[in-house]
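Listed here are the chains, written in short residue letters.
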Amino acid sequence: MNYKKILLQFLLILFACLAVQQVQAQAQDTIRLKNGRFVTGKTLEVSDEDVLFRPFPPIGNDTLVLINIKDIRAIAYANGFTDVFKGDEPDTIVLVSGRKVTCKIAEILDNSLLARLNNGEDERVTEFLLDSVSVVQYASGYIEKYNPLLPPTPVLVAKAAEPTKQEKPIPAPVTGDLAAVTPTKEEKKKKEKEPKKEKPISTKNLSGVTITNKPKTYIAVGAVIDSASGLSRSVALMEILKSSCYRHEDDTLTPVLQDYPYNNHYAITGVFNGSKSRFKLYKSGKKVKEFVVYDDWSAVNKELRAYFETEEYIPKRKNAPVSEGGQYKFHERNIVNMLPGTVENRVPHSMLVDTFRTYAVMKFYKDNHAYLNAKEVYGSYTNIREESLFFFRNSDVPWNLKKTVRQVVFPISRWLGAPLTYLSCAYQLEEKKETGAALNLYFASLQGSCSLLASPYERGLLKERAYTRIHHIYSQQQNRPHLAAMFSLGADLNKAFLQSAEARTERSKYYSGIQQIRSVSTKAEDQAREIRATKRTGFFVALLNTAGAVATAGVDDGGATSMAFVENAANTLNESLTAAEDASTMLADAYMGIEDKIDTRSFTINDGGETDMATAFLGREIAFYLYFKPHLVKPVLERFAKDKPKMQALLTKFYTARDKATVQRSISEIYTHVTIMESQIIASEARGIAITDKMKANF
């Protein structure tokens, strides 16, 4: 055997690997830290708070690291682009009085802006009325102008002595032409009866400048739903409109969140479906534009600008990019922490979600702003990929087990945390008397509960909370009594289920099944980690033997020592790979047919539709409970149908049915009737039209 030839080939392969490694090292991104250090590797994600980075070479056992944005000075990417971070530089507010305030701008509202003083280190937020602001200069260099500076205070000068007052002359009697234009008593009475024109209300801002409050022109943002995740993106659209600040002469288009937005001068709703998004724009309740875009928010804003320019509304501000939040950090997390009942739900605190402490693993975080928290739900629950978890990334975990477990982990937009965040933010807005925005988010919470990775009990509890609050808001509005009654019915249906022994039994059964999945998947994941360790050990020992072969290449023993190291390296590598392959085969055999033994469909709750604030959906809720829990909701439905003859007849037919076909047909008839009834109520009360006696008779 030609040992020298074998050794030469091995060294060539080793040098080639080193060369490839060197090329990889040169094709890396470089992070320059503020402490002077440099870190090389691959930048995976840059969020508002930190950077996800894969260092090269790895730092210890960490293949992925998180670096806080505050610690980074710049990132030099492999393609030559350099991103410089200027997070330490403050924004500047110049008030109309000339005073300058250094701060960090948190958010710009309709009539004010929120800022953190002391360059953002102080957590307290200070509010400045826009009427008192002259200029805002951002750290990026961009400048926004609002109001002119006040003129300097005039110097007081002593007044001259006023002339002595003289007695007013007695007016002479009116005669001739003047008498003809003097109004008579009858004309005076007629003038008094004429309606007086409303005068604009004048107030003073913080700087003492008199301003006139004029009626606002609103563009109301309704439901903007992402069809893939079921999450709301209404707040992000409202921020797009707010950042553009459309103006026409003295009129400013004010964006607001609404439940049924069509009563306003302008309204917009939309649906995201992957890269394709469809929006509808209304004017005075009539659809005036429908457009489809295949890009991000910038494409939506471009379409809106094109329309409002025809309406003579000109955007007065630069369109700012919208950040909808960053994903949670799940790198290398065990699969046991990703299953229902164990996953940690991050929720802004409010009294309304305290009920869920007993039933879910929750971590309350400090609330910054209800709109901000609601907006970031989308980014937090849509960016996680399977490759972020070892269980799904590792090739030794059996594919059929991955397929089975995947259905109770993904998509994470179906976790309990997303609708709970909407619920919490809605309650905060309701307390601030922003009922339109609160209703928008309550509907978003209901949307998230339609298909939920949680037990039927948590789903019912979530819906009961949302239905109850919507009923409470509508019951305080005189023109929506029937809508209030409909949502009261939705709350009562879920209360009837929650108060039953069946609800507690189903919850226990649900998580007992999840525990079995947890046990199976944890065991498989542990074995996959052992297989990975075996492979790594074999490569490490082979590398040591290779290093020995290189070190003894010059010894005068005919190359016997070097070749012994080479043979040991090959044998060790073959043995470890064979052992790992055998273990992987045994692991796959152990979970053969696991998808037939675990029916993950029983862990998915889906009532068959989507909740949209602009359409009827209570019929589906009733049909769901009639199909699965008819005996529990019978008293609730009978009480609701007490003054509704047609509804009474349909319920009687359902509860007296004896065969399955009649039952299903009766449920379909009830669903159709309730949907028509609810649609008529929405079309009337949401637009301020009273329900007619003829419509009541049909109920």
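See the structure printed just above.
Residues numbered from 1 in each chain as written. Predicted model: local features only at pLDDT ≥ 70, side-chain atom pairs only at ≥ 80, totals over all residues. Heavy atoms only, no water.

Colleague: Give a description of the overall build of the chain that names residues and reports values.
Modeller: The helix and strand tally for the chain stands at 20 helices and 25 strands. Buried residues in the chain amount to 43% of all 699 residues. Long-range pairs, those at least 24 residues apart, make up 61% of the contacts in the chain between residues at least 6 apart in sequence. Looking at the chain as shown, the accessible area adds up to about 38,600 Å², and 53% of this sits on carbon and sulfur atoms. (Helix = DSSP H or I, 4+ residues; strand = E, 2+ residues; numbered from the N terminus. Buried < 20%, exposed > 50% of the residue type's maximum accessible area, 1.4 Å probe, protein only. Contact = heavy atoms within 4.5 Å. Areas by Shrake-Rupley, 256 points an atom, 1.4 Å probe, with all protein chains shown as cover.)

Colleague: Which residues make up the packing of aromatic side chains, and what values do they have?
Modeller: Taken as a whole and judged by the stated rule, the model has 24 aromatic pairs. Where Tyr-474 meets Phe-487, the ring centres are 5.6 Å apart and the plane angle is 50°; that geometry is what we call tilted. Residue Tyr-474 is located in helix H11 (residues 456–475), and its partner Phe-487 is located in helix H12 (residues 481–498); the two are separated by 13 residues in the primary sequence. The two residues Tyr-474 and Phe-487 agree in class, both being buried. An aromatic cluster of at least three residues, connected via ring pairs, comprises Tyr-246, Tyr-266, Tyr-307, Phe-308 and Tyr-313. Cation over ring: Arg-529 sits above Phe-390, and NZ or CZ is 4.0 Å from the ring centre. (Phe/Tyr/Trp six-rings, centres within 6.5 Å; stacked < 30°, edge-to-face > 60°. Lys NZ or Arg CZ within 6 Å of the ring centre and 35° of its normal.)

Colleague: Got a sec to walk through the pattern of salt bridges? Specific residues and values, please.
Modeller: Counted by the stated rule, this structure contains 18 salt bridges. A salt bridge links Glu-311 to Lys-283, with the nearest nitrogen and oxygen atoms 2.8 Å apart. Of this pair, Glu-311 sits in the loop between helix H5 (297–310) and strand S21 (314–315) while Lys-283 sits in strand S19 (residues 276–283); the two residues are 28 residues apart in sequence, bridging distant segments of the chain. Where Arg-529 meets Glu-525, a salt bridge forms, and the shortest distance between an N and an O atom there is 3.9 Å. With Arg-529 and Glu-525 both in helix H13 (residues 501–551) and four residues apart, the pair spans about one turn of that helix. (Salt bridge = Lys/Arg side-chain N within 4 Å of Asp/Glu carboxyl O.)

Colleague: Describe unusual backbone geometry, and please don't skip the residues or the numbers.
Modeller: Trans peptide bonds make up the majority, and among non-glycine residues the majority have a negative phi. Between Phe-410 and Pro-411 the backbone carries a cis peptide bond, its omega angle lying at 0°. Counting through the fold element by element, Pro-411 comes out in the loop between helix H8 (399–406) and helix H9 (417–431). Notably, Cys-245 is not glycine yet its phi reads approximately 55°, a positive angle. Since its relative accessible area comes to 7%, Cys-245 is described here as buried. Even without being a glycine, Ser-284 presents a positive backbone phi close to 55°. By the secondary structure assignment, Ser-284 is in the loop between S19 and strand S20 (286–293).

Colleague: Explain the pairing of strand S1 (residues 29–33) residue by residue, including any values.
Modeller: Covered by surrounding structure in S1 are Asp-29, Ile-31 and Leu-33 only, the residues Thr-30 and Arg-32 on the alternate face being uncovered. In this structure, S1 lies alongside strand S2 (residues 38–46), joined through four bridges in antiparallel fashion. In the strand pairing of S2, Thr-30 is matched with Thr-40. For S1 and strand S5 (residues 72–76), the ladder comprises four bridges, and the chain directions are antiparallel. Residue Leu-33 lies in a different strand from S5, and its bridge partner there is Ile-72. (Pairing = 2+ DSSP bridges.)

Colleague: An account of the nonpolar core is needed here, citing residue identities and associated values.
Modeller: Within the largest apolar cluster, 135 residues are counted, with the highest numbers of intra-cluster contacts made by Leu-237, Trp-297, Leu-304 and Val-405. Leave out the neighbours within four places in its chain, and Val-405 touches Ile-335, Leu-339, Phe-391, Phe-392, Ile-517 and Ser-521. In terms of nonpolar packing, the next biggest core, distinct from the first, is built from 14 residues, Ile-93, Ile-105, Leu-130 and Tyr-138 among them. (Core = buried A, V, L, I, M, F, W, Y, C linked by side-chain atoms within 4.5 Å.)

Colleague: Give me helix H10 (residues 435–449): which residues, what numbers.
Modeller: With 15 residues, H10 ought to run about 21 Å at 1.5 Å a step, and its terminal C-alpha atoms sit 21 Å apart, in line with that. The element H10 is largely enclosed, with a buried count of 14 among its 15 residues. (Expected span 1.5 Å × (residues − 1).)

Colleague: Tell me what's going on with the environment of Glu-309, and back it up with residues and numbers.
Modeller: Following the sequence through the fold, Glu-309 ends up in helix H5. Note: C-alpha distance between Glu-309 and Arg-247 (62 residues apart in sequence) is 9.9 Å.

Colleague: Please provide a residue-by-residue account of the sheet that holds strand S9 (residues 112–117), values included.
Modeller: Spatially, six strands are ordered S10-S9-S8-S7-S11-S12 in an open sheet, and the strand pairing comes out antiparallel. This sheet does not close on itself; its edge strands, each paired only once, are strand S10 (125–129) and strand S12 (143–145). When the angles between neighbouring strand axes are averaged without regard to direction, this sheet yields 40°. (Axes fitted to C-alpha atoms, helices over the stretch in contact; angles between N-to-C directions.)

Colleague: Describe in detail the sheet that holds strand S16 (residues 246–248), supporting the description with residues and values.
Modeller: Here we have seven strands laid out as an open sheet, ordered S20-S19-S18-S15-S17-S16-S21, and mixed in their pairing. Looking at strand neighbours, the two that pair on one side only are S20 and S21, the edges of this open sheet. Pairing analysis gives six bridges linking strand S15 (residues 217–226) to strand S18 (residues 266–273), with the strands arranged parallel. Of the residues in S18, the one forming a bridge with Val-224 is Gly-270. Its contacts with the sheet put H5 on S15, S16, strand S17 (251–257), S18, S19, S20 and S21, and the angle it makes with S20 is roughly 145°. Across the sheet, H10 is in contact with S15 and S17; its angle to S15 comes to roughly 10°.

Colleague: Provide a residue-level description of the packing of H12 against helix H16 (residues 618–628), including the pertinent values.
Modeller: Following both chains from N to C, one finds H12 and H16 inclined at 25°, their axes separated by 10 Å at the closest point. By the criterion of interaxial angle, the relationship of H12 to H16 is roughly parallel. In this structure, H12 crosses over H16, and the sense of that crossing is left-handed. Along the contact surface, H12 presents Met-486, Leu-489, Gly-490, Leu-493, Asn-494 and Phe-497, while H16 presents Leu-618, Glu-621, Ile-622 and Tyr-625. In the contact of H12 with H16, the residues fall into seven nonpolar, two polar and one charged. (Parallel < 35°, antiparallel > 145°, perpendicular 65-115°, else oblique. Left-handed = near helix turned anticlockwise from the far one by under 90°. Nonpolar A, V, L, I, M, F, W, Y, C, P; charged D, E, K, R; others polar.)

Colleague: For the environment of Glu-144, give the residues involved together with the corresponding values.
Modeller: Tracing the sequence through the fold places Glu-144 in strand S12. Excluding its chain neighbours within four sequence positions, the residues that come into contact with Glu-144 are Ile-108, Ser-134, Val-135, Val-136, Tyr-138 and Arg-317.

Colleague: Any details on the side chain of Asp-29? Residues and values, ideally.
Modeller: Looking at the secondary structure, you find Asp-29 in strand S1. Despite being buried, Asp-29 has no salt bridge partner; Lys-42 is the closest side chain of opposite charge, sitting 4.6 Å away. In this structure the side chain of Asp-29 is engaged in a polar contact, spanning 3.0 Å, whose partner is the backbone nitrogen of Thr-43. Apart from the residues lying within four places of it in its own chain, the contact partners of Asp-29 are Val-39, Thr-40, Gly-41, Lys-42, Thr-43, Phe-53, Ala-76, Tyr-77 and Ala-78. (Lys, Arg positive; Asp, Glu negative; His and termini not counted. Polar contact = N/O pair within 3.5 Å; in protein donor to acceptor, adjacent residues only side chain to side chain.)

Keep in mind these numbers describe shape, not what the thing actually does.
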